[in-house]
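Notes for the structure review
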Amino acid sequence: EWTPSYNDAGNHEIKVTVSDGEFEIEKTIKVTVKNIDREPTLTVPEFLHVMEGEQLVWEIPTNDPDGDELKVKIHNAPDTAKLSKKTLTWSPTYDEISRSSNFLTNFLNAIRLEKYMLRKKSIPTTVEVCGNELCVKKDVTILVYNQNRAPSVSITKNLTITETETLNLYPTTSDPDGDVVKTY
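A few points on the structure.

The strand order across the open sheet built from four strands is β4-β11-β10-β7, with neighbouring strands paired in mixed fashion. The open sheet terminates on both sides in strands that have one partner only, identified here as β4 (47-51) and β7 (71-75). On average, adjacent strands in this sheet sit at an angle of 25° to one another, irrespective of strand direction. Taken together, the five bridges between β7 and strand β10 (residues 120-130) define a ladder with antiparallel strand orientation. Counted as the bridge partner of I74 is V127 from β10.

Before going further, it helps to examine the side chain of E128. With respect to the helices and strands, the residue E128 is situated in strand β10. Salt bridges are absent for the buried E128, whose nearest opposite-charge side chain, K137, sits at 4.4 Å. There is a polar contact of 2.8 Å between the side chain of E128 and the side chain of H75. If near-sequence neighbours (up to four positions away) are discounted, E128 is found in contact with K71, V72, K73, H75, C135, V136 and K137.

About the thresholds
Residues numbered from 1 in each chain as written. Predicted model: local features only at pLDDT ≥ 70, side-chain atom pairs only at ≥ 80, totals over all residues. Heavy atoms only, no water. Pairing = 2+ DSSP bridges. Helix = DSSP H or I, 4+ residues; strand = E, 2+ residues; numbered from the N terminus. Axes fitted to C-alpha atoms, helices over the stretch in contact; angles between N-to-C directions. Buried < 20%, exposed > 50% of the residue type's maximum accessible area, 1.4 Å probe, protein only. Lys, Arg positive; Asp, Glu negative; His and termini not counted. Salt bridge = Lys/Arg side-chain N within 4 Å of Asp/Glu carboxyl O. Polar contact = N/O pair within 3.5 Å; in protein donor to acceptor, adjacent residues only side chain to side chain. Contact = heavy atoms within 4.5 Å.

Okay, here's the thing in structure tokens:
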């Protein structure tokens, strides 16, 4: 009796010997064990985390129990993400999470509440790994966190006024994230 393992695919010869105590006969039979493809393994976390302006590098933990070459695909990945063999890389820009400019968002920005709505962005993706015949798919969500950048100010550096004269400053300000900038 012989039960082939997953590593025994191929052609085999088995010698069978029979004897009645006086005579012995040996015969060889040929057995072909067909390969059974096993599905690849894939382990993914629930979330991948990255800040705007930083780089996400994720080596996808996958393996094929049969040693087959794996093909990896990422569905719904950001357009600028790159997949090289089993490694996903992506650098979200500072505009990945951006504010829309309308009455409500401008009001929420002015009272400093909009930032709570723009903390993070979820990007649901699916990882698909295929071996020889079988594939495995699993979901992972990329969480991009908003990175607030400092505002800029432009003002004349050297001013001359006389005593008791009122100084009026009119600095030019801007914010790369579109936040309302207050001057004090």
